[in-house]
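Take a look at the letters that make up each chain.
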Amino acid sequence: QIVRLEDYQPSDFLIDRVELDVRLHPTETRVTATLVMRPNPEGRSDAPLVLDGEEMNLKAVSLNGRTLTAEEFEASPQSLTIAQAPRQPFTLTVETELNPTANTKLMGLYRSSGNYCTQCEAEGFRRITYFLDRPDVLSVYNTRIEADRDDVPVLLGNGNRIESGSIDGSDRHYAVWHDPHPKPSYLFALVGGRLGRVSKTFTTMSGREVELAIYVEPGKEDRADYALDALERSMRWDEKIFGREYDLDVFNIVAVSDFNMGAMENKGLNIFNDKYVLASPETATDTDYAHIEAIIAHEYFHNWTGNRVTCRDWFQLCLKEGLTVFRDQEFSSDERSRPVHRIAEVKTLRARQFLEDSSPLAHPVRPTQYREINNFYTATVYEKGAEIVRMLKTIIGDDDFRRGMDLYFERCDGTAAAVEDFLRAFADVTGRDLSHFARWYEQSGTPRVKVKGHYDPDARTYRLDLAQSTPPTPGQAKKEAMAIPVALGLVAHDGSAMSASCDRVDQRGVFLFDKPEDSITFTGVASLPVPSLFRGFSAPVKLSLDLPNEELLVLLRHDTDSFNRWQAAQSVAMRLLVYLSTGVEVADEDIDAFSAALCSFTDRNAQDDPAFAALVVTLPSEADVAQEIGQDVDPDAIHRARSEMRRRIGQGCAKHLQRFYETLTVSGPYSPDAASAGRRALRNASLDLLAAADPDTGEALAVRQLESASNMTDRLASLSVLTTLPGAVREEAIARFGDRYRNEPLVLDKWFTLQAAIPEDGTLERVKALMQHPAFSIANPNRVRSLIGSFAMLNQVQFNRADGAGYRFLASIVLRADELNPQLAARLLTAFSTWRMMESTRRSHAEQVLRSIAQKPNLSRDVGDIVSRSLEDG
Ligand code: ARG
Ligand code: ZN
């Protein structure tokens, strides 16, 4: 059944306090929940009390200390109903029994490598006890955890530990945790296990001492140092930039190896996918380090945006996720290079969110209905949600943005808020009407902005005519104009400063384009300019502006905006790739001119900003090109076109690339800092292009690098280059790498991914064979995503095989995974979201496969929802 935003009703009952007593046992864990409740003055006065449950096994229930008889309540695995609940405060005690070992969904209480842990967002608490499992019911929790002392030496809960000890005459011990901050059930967590620990003391800006600790598999403590350092930097940054201080005596993080998502912001007890905690030079790449830093920050920042101010209902998910992604992006930008980070953000936004927005799964940043909320933890809610916050800041300016945030925290602290509360804070501090801007939360689809420029040399004016439109998306046939901030400027052909001005553009260089069509005119324009639009990617839109390649290359050379310099190179590359893929003739000189521009640009930037130069020489991916073409896509043609371009650029720039490869070495012990990472990035991008131009030389260089590399970044990059060069050398290298890291699951994940992405005919068989590898397990989300997920999401040509075998394979895995872990299965299934843009043979194979999934009995709600939306008429 479908949940709708418009049906929101406050809860009829509230739970002020929760006393949990959890006796951990591998198969028979006992949970006694004592709920101090009262009717909600804002709820209905005659309503029954209905508590949520899922797969619950009820043992006993009592009301105000008296055991209820069978006639006084109704219980099923899904709910517990008391028709005649008291109209004054009361205490309800519920005892349930769970089997954490059998919990393969990884929601609620489960075991990972023998340790006990929980995941409650969005609706997992109801798998622990019957509860009002909704984010607008806030309670103070006391949690007593009891377990076998030897098997489970570490016992962690939310908040501060107030008591612990052993139970006389037994081999069990216990700990009691108290969290003074009222919170919704989705932020509850507990952990029990045998764990190693690293820790450090942090002094907050007001001088309070906080004990920070990270718990990992024993023996891997040193791999948590970077995460601990990132946590400390995040805490300092939130104090400095947003004035937000931490509010408990301890902050604990636990890394687990079976986890559906990246991590979870449980109050005072974050639980992480270990891939986003553990790092050593030998096992993690520069990218891994960057992700760890970003996710540690993200979860920490949730303490204010998510926990202190939480969500009224799950439709408001972007209120915490979009805002928190924005905050972690700002943190990473401040800690690293802002332009480089912005480009990385936009690359993911386009690859994931634009794709989603043009697919059958498109939905608004604030959805209006859902069948399964877990399917809405999407790129749209997270990434486009973050872009909305960024646009707001661009429109109102830094100072008002900070004042608005302060007001939002002040007003909403301790409450379950809605998107309207967020926007109201900014409307109130600026006196602006943000109702038009609010459409960004409601309207799905990526707006397209068409622009044409007209120069009048006599009047020395330059006019831009803009038009916007948004394509129809599921449930939204008609679209309105959006309020689009366009950060822009004019660039002279020779790069000299332009003194043009326009009264429609504000001091920050931003024009707010909020009608279907508009024109703005610059005066004092001394020569024909090249327009630089959406600087810094000021809005999540697609720009149509047909600048000739020469003018785009002017921007690459002279634009003051780094993002648009990168964008200019990408636009030329994309145009050439689309032509080559679709049989439009491309003159050799066009490719040569582009390659020459890349050489000289990279050459000028290689020493000062190698990370940026590496981004500039990296061509759009095959998936990017497919998205740009948008219909009747032939992945084989795209693959050929991109290989050809890589070869041509590699040949054209060979001298420069060789020099980068030789000179950009990093001396001294490995450090994951952005500057060193940037040198490695350009050096490895050079290696990749050199190998495309000359496979023999490339192979020799890659083999030498693979053998001599002192860190995983360089080792994996060389292995990745080798995977593009079929033959015995490659197979030997792959085998040796697999053997070397046979006891390192997180490294084997990278090894699975590289092999699953090989764009050759034998890859499907290779993937099937790797499923027999001792390290592979269909029950572990990291393993499944790195092998199967990568095959489906990264390998355009082999997943989209013309004979449909890639689609049938994915379907079979989705169905198997669905029996264990519906969230994981549903995620994998989203790889089909591109099926409608394929050429007709592939399209009909995909449709057939989707229809056969849809017909299977007993599909989970997660998979049923994705498959039916994927098939709805677009
Ligand atoms: N709130 C978490 C984060 O973004 C995500 C948890 C989502 N979990 C889920 N089962 N849907 O940091
Ligand atoms: Zn989050």
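Predicted model, so just to flag it, every value in this text is computed and none were measured. (Residues numbered from 1 in each chain as written. Chains lettered and ligands numbered in written order. Predicted model: local features only at pLDDT ≥ 70, side-chain atom pairs only at ≥ 80, totals over all residues.)

Novice: What exactly am I supposed to notice about the site of ligand 1 here?
Specialist: With respect to spatial proximity, 14 residues lie near ligand 1, and among them Glu 121, Met 261, Met 264, Asn 374 and Tyr 377 are the closest. When the residues that make up the shell around ligand 1 are grouped by side-chain class, the tally is 5 nonpolar, 5 polar and 4 charged. (Near = placed C-beta within 6 Å. Nonpolar A, V, L, I, M, F, W, Y, C, P; charged D, E, K, R; others polar.)

Novice: I'm lost on the packing of helix α18 (residues 712-723) against helix α20 (residues 745-756) in this one. Help?
Specialist: Across the interface, α18 lies against α20 with an axial gap of 10 Å and an inter-helix angle of 25 degrees. When the axis of α18 is compared with that of α20, the two are roughly parallel. In the packing of α18 onto α20, the handedness of the crossing is right-handed. Where α18 abuts α20, its residues Leu 716, Leu 719, Ser 720 and Thr 723 lie against Lys 750, Leu 754 and Gln 755. Here the contact of α18 with α20 is built from residues that sort into 3 nonpolar, 3 polar and 1 charged. (Axes fitted to C-alpha atoms, helices over the stretch in contact; angles between N-to-C directions. Helix = DSSP H or I, 4+ residues; strand = E, 2+ residues; numbered from the N terminus. Parallel < 35°, antiparallel > 145°, perpendicular 65-115°, else oblique. Left-handed = near helix turned anticlockwise from the far one by under 90°. Contact = placed C-beta atoms within 7 Å.)

Novice: Would you take a moment to explain the UniProt feature "domain: Aminopeptidase N-like N-terminal" (unreviewed entry) in the chain for this structure?
Specialist: Residues annotated in UniProt with the feature "domain: Aminopeptidase N-like N-terminal" (unreviewed entry) correspond here to residues 19-187. From the first C-alpha to the last, residues 19-187 spans 15 Å; its make-up is 0% helix and 51% strand. (UniProt positions renumbered as here; feature names shortened; annotations may be inferred.)

Novice: Looking at this structure, how should I read unusual backbone geometry?
Specialist: Residues other than glycine predominantly adopt negative phi, and peptide bonds predominantly adopt the trans conformation. Residues Glu 121 and Ala 122 are joined by a peptide bond in cis, for which omega reads 0 degrees. Along the chain, Ala 122 falls in the loop between β11 (115-119) and β12 (139-148). Unusually for a residue other than glycine, Asn 64 sits at a positive phi of about 50 degrees. Tracing the sequence through the fold places Asn 64 in the loop between β5 (58-63) and β6 (66-67).

Novice: Can you walk me through the sheet that holds β5 in this structure?
Specialist: Think of a sheet as strands paired side by side through backbone hydrogen bonds, with each pair either parallel or antiparallel. Read from one edge of the open sheet, 8 strands run β6-β5-β9-β3-β2-β12-β15-β14, paired in mixed fashion. Both outer strands of the open sheet, β6 and β14 (160-166), are each paired with one neighbouring strand and no more. Bridge count for strand β2 (residues 13-23) against strand β3 (residues 29-39) is 10 bridges, and the pairing is antiparallel. Paired with Arg 23 across the bridge in β3 is Arg 30. (Pairing = 2+ DSSP bridges.)

Novice: I would appreciate a short explanation of the nonpolar core in the present structure.
Specialist: Membership of the largest hydrophobic core comes to 259 residues, with the highest contact counts inside it found for Val 254, Val 277 and Leu 828. With 10 residues, helix α5 (residues 379-396) is the single largest residue contributor to this core. Those residues in contact with Val 277 that sit more than four places away from it in its chain are Ile 214, Val 216, Ala 224, Ala 227, Ile 253, Ala 255, Phe 272 and Ile 292. (Core = buried A, V, L, I, M, F, W, Y, C linked by C-beta atoms within 7 Å. Buried ≥ 20, exposed ≤ 12 C-beta atoms within 10 Å, placed from the backbone.)

Novice: Explanation requested: the environment of Gln 78 in the structure shown.
Specialist: Its place among the elements puts Gln 78 in the loop between β7 (74-75) and β8 (79-82). Separated by 49 residues in the primary sequence, Gln 78 and Arg 127 have C-alpha atoms spaced 9.2 Å apart. Discounting chain neighbours no more than four positions away, the residues touching Gln 78 are Gly 53 and Glu 54.

Novice: I tried to follow helix α9 (residues 549-558) on my own but got confused; where do I start?
Specialist: Within an α-helix, residues lying three or four positions from one another point in the same direction, as the helix has 3.6 residues per turn. Every buried residue of α9 is listed here: Glu 551, Leu 552, Leu 553, Val 554, Leu 555 and Leu 556. Check the buried side of α9 and you find it contacts β28 (489-492), β31 (529-532), α10 (562-582) and α11 (588-605).

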